[in-house]
Amino acid sequence: MRILMHELRRNAKSLLTWSGILMLFVVVGFAKFSAWYGNPEMLAMLDAMPPAMLSALSLRAFNLTTVTGFFGVMAAYYALLLAIAAVLWGSDVLAREERERTAEFTLTLPVTRGRLLTAKLAAVVLCALVLNGVAWGATLLGARGYAPEPALAPFVTRTMLALLMLQGIFVSVGICLAAVLPRPRRTVSAAVGVLLGTYFVSVIAGLDARVDWLKYLTPFRYVDAGVLLRQGALPPVYRWISAALIVTLLAATYLTYQRRDLHL
Amino acid sequence: MNVIQVEHLTKFYGQARGILDLSFDVHEGEVFGFIGPNGAGKSTTIRLLLSLIYPTSGSATIFGRDCIAHGAELRQDIGYLPSEVFYYEGMRVGDLLHYAASFYRRDCRQRLRELSELMELDLSRRVDDLSYGNRKKVGIVQGLLHSPRLIILDEPTAGLDPLMQRTFFDLIRQENQRGATVFFSSHILSEVQRLCSRVAIIKEGRLIDLQDIRTLQRDNYKKIHLVAPGVDPERLQVEGVTGLQAGADGLTLNFRGDINRLTGLIASLPVSDLTIEDLSLEEIFMHYYQ
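In this report, we go over the structure that sits alongside the text. (Residues numbered from 1 in each chain as written. Chains lettered and ligands numbered in written order. Predicted model: local features only at pLDDT ≥ 70, side-chain atom pairs only at ≥ 80, totals over all residues. Heavy atoms only, no water.)

1. Some words on the packing of helix H4 (residues 67-99) of chain A against helix H6 (residues 113-143) of chain A
Residues and elements named next belong to chain A.
Piece 1. Close contact between H4 and H6 brings their axes to 10 Å; oriented N to C, the two are set at 160°. When the axes of H4 and H6 are compared, the pair comes out roughly antiparallel. For H4 against H6, the interelement crossing comes out right-handed. Here H4 contributes Val67, Phe71, Tyr78, Leu82, Ala85, Trp89, Gly90, Val93, Leu94 and Glu97 to the contact with H6, which in turn contributes Leu117, Lys120, Val124, Cys127, Ala128, Leu131, Asn132, Ala135, Thr139 and Ala143. (Axes fitted to C-alpha atoms, helices over the stretch in contact; angles between N-to-C directions. Helix = DSSP H or I, 4+ residues; strand = E, 2+ residues; numbered from the N terminus. Parallel < 35°, antiparallel > 145°, perpendicular 65-115°, else oblique. Left-handed = near helix turned anticlockwise from the far one by under 90°. Contact = heavy atoms within 4.5 Å.)

2. A look at the side chain of Glu104(A)
Piece 1. Position of Glu104(A) relative to the elements: it lies in helix H5 (residues 103-106).
Piece 2. Overall, the relative accessible area of 6% leaves Glu104(A) in the buried class.
Piece 3. Within the structure, the side chain of Glu104(A) is placed 3.2 Å from the side chain of Arg47(B), a separation counted as a polar contact.
Piece 4. Of note is the side chain of Glu104(A), whose polar atom sits 2.6 Å from the side chain of Tyr80(B).
Piece 5. Those residues in contact with Glu104(A), other than ones at most four positions away along the chain, are Leu264(A), Arg47(B), Leu52(B), Tyr80(B), Pro82(B) and Glu84(B). (Buried < 20%, exposed > 50% of the residue type's maximum accessible area, 1.4 Å probe, protein only. Polar contact = N/O pair within 3.5 Å; in protein donor to acceptor, adjacent residues only side chain to side chain.)

3. Some points on the packing of aromatic side chains
Given two aromatic rings, their pairing is described by the distance between the two centres and the angle made by the two planes.
Piece 1. Considering all chains together, one arrives at 24 aromatic pairs over all chains under this definition.
Piece 2. Taken together, a centroid distance of 5.8 Å and an interplanar angle of 15° make the contact between Phe30(A) and Tyr146(A) stacked. Pair noted here: Phe30(A) is in helix H1 (residues 2-36) and Tyr146(A) is in the loop between H6 and helix H7 (152-180), with a separation of 116 residues, a long-range link. Considered together, Phe30(A) and Tyr146(A) belong to a single accessibility category, that of buried residues.
Piece 3. Ring pairs connect the aromatic residues Phe105(A), Tyr87(B), Tyr88(B), Tyr99(B) and Phe103(B), which therefore count as one cluster.
Piece 4. When the ring centre of Phe103(B) is taken as reference, the NZ or CZ atom of Arg2(A) above it lies at 4.5 Å.
Piece 5. In this arrangement the basic side chain of Arg135(B) is found over the ring face of Phe86(B), its NZ or CZ atom lying 5.5 Å from the centre. (Phe/Tyr/Trp six-rings, centres within 6.5 Å; stacked < 30°, edge-to-face > 60°. Lys NZ or Arg CZ within 6 Å of the ring centre and 35° of its normal.)

4. Points about the sheet that holds strand E11 (residues 221-227) of chain B
All names here are of chain B.
Piece 1. Taking strand neighbours across the sheet as the criterion, the four strands line up as E12-E13-E11-E14 in an open arrangement whose pairing is antiparallel. Here the strands that pair on one side only, and so sit at the sheet edges, are strand E12 (241-247) and strand E14 (273-278). The mean inter-strand angle of the sheet, taken between neighbouring strand axes irrespective of direction, is 15°. (Pairing = 2+ DSSP bridges.)

5. Quick word on the interface of chain B and chain A
Piece 1. In this complex, chain B contributes 24 residues to the contact, which on the side of chain A involves 26 residues.
Piece 2. Here chain B packs against chain A, burying approximately 2,400 Å² in sum over the two surfaces, 59% of which is carbon and sulfur.
Piece 3. A per-residue breakdown of the area chain B buries against chain A is headed by Leu52(B), Tyr88(B) and Phe103(B), which together make up 30% of the total.
Piece 4. Linking chain B to chain A there are three salt bridges.
Piece 5. Its salt-bridge partner being Glu104(A), residue Arg47(B) comes within 3.2 Å of it at the nearest N-O pair.
Piece 6. Applying the counting criterion to the chain B and chain A interface returns 13 residue pairs in polar contact (both at pLDDT 80 or more).
Piece 7. The dominant element in the side of chain B that touches chain A, judged by the number of residues it contributes, is helix H3 (residues 93-101) of chain B, at three residues. (Buried area = accessible area lost by both parts, 1.4 Å probe. Salt bridge = Lys/Arg side-chain N within 4 Å of Asp/Glu carboxyl O.)

Next up, the structure:
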């Protein structure tokens with residue numbers, strides 16, 4: 001509990017910054033939306049654009065002149081922002097002990113590595129949860145100005161829950177990389193690299209039906225807001241893959257971190 | 001009872017040598033010196049004892065229990081002062097020390113206050129604003145605030161001014177009198193001699209000697225440089241003198257034995273300058289094994 005509180009305090013500034021970024025993103029997003037809102041001419045302009053581009057920007061699945069449709073398009077960017085925060089926090093929470101050489105202090109206290117790991121993980125998960133809540137609240141508040149359809153709130157909630165799963169995956173990716181990689185100084189950049197890699201795979205997967213199978217390789221495709229809107233829930237296969245991924249990554253984290261040399 | 005028992009402990013970092021087949025034990029209540037040049041494997045040994053890293057082979061026990069399997073529990077009774085002290089940025093000294101203290105079952109508040117006063121710590125400063133020496137002082141308080149039964153010091157005096165070094169040595173002596181066992185790693189022979197009852201000498205990862213301090217002191221070499229124009233160097237060639245050299249800037253020699261014999265002899269010579277210093281550890285090693 002002490003370690004958890006300590007880690008939360010250490011992460012507080014970052015959480016505040018990210019909350020600010022997300023709120024700003026929502027505000028700017030809705031400001032742009034005012035140009036689309038109830039404006040069929042914009043749709044005509046979209047029709048003139050090449051389909052591959054629309055699909056890359058995930059503009060195809062939604063009716064952009066409604067708040068729900070607009071949020072559906074925005075969801076991909078929510079996903080990216082929340083995932084970046086998650087992977088940064090996950091990797092940094094562990095790697096910084098070695099990078100800043102505080103491991104020699106923290107791990108000579110009478111605490112097992114397992115307990116330390118659990119407390120750090122809990123702190124990061126809590127932060128991810130709060131950030132998700134901030135995004136959810138800011139969206140619903142921002143939508144108020146546009147007479148939202150009754151279906152909007154449940155759709156936003158479902159999407160944010162799906163994004164919580166995505167955050168869980170990337171927290172696990174980050175912390176696992178920190179446990180496994182030999183160079184603490186490079187861990188965070190490696191984690192961001194993995195994230196951007198999977199993000200580009202998700203963009204490519206949507207471009208061409210021949211590489212459709214790529215969608216299984218990237219968590220960003222597991223939480224497709226278009227699918228959520230049409231089907232009302234995520235396909236079970238993605239939920240299972242996500243759960244399996246999280247469990248595997250965390251198991252690898254605990255097994256490795258408890259047995260490896262610290263880099264001092 | 002042995003507080004620390006190390007058996008055939010070996011550590012490789014990939015291909016690189018850490019320590020090789022190290023075996024020794026530290027008795028309860030003693031101050032055990034662990035000396036060797038940089039890179040000999042002193043910190044590696046300490047980190048293995050604290051299970052910060054894991055051995056390639058061999059084992060170590062502390063208070064009779066395996067230091068890996070029972071690491072966290074054992075650390076309730078271990079105080080550790082690393083050679084370089086790093087703390088969480090942005091934290092105040094007082095908050096940091098109270099945070100550390102909160103992990104021990106014992107109530108450490110009283111001792112924390114005493115030690116902070118002794119070390120003249122300003123508890124309201126931020127740790128990242130502190131100088132190297134002041135961070136070290138925080139490290140000393142943090143390592144001792146829970147009145148540990150085993151104190152592990154890794155080159156503890158680096159960064160401390162001479163006055164603070166003395167305070168620190170007094171403190172360690174008191175802790176030892178209270179019953180704490182002390183494992184003292186250093187590359188400075190003289191400070192080990194001041195405190196320790198036994199000394200292990202480690203070089204290139206191997207234990208090359210383990211001696212009672214009195215034996216080592218008897219073998220204590222001094223390096224002497226004197227400027228004595230017109231004096232025949234042969235007059236200094238007495239028992240205990242080795243490596244006598246006459247140069248343009250005077251005479252240098254190494255001496256082992258009763259220092260009075262030599263100072264008596266020097267007093268009878270027309271000497272214009274004189275320096276007597278301890279041999280560096282490397283020089284001791286070289287003499288030790290001639």
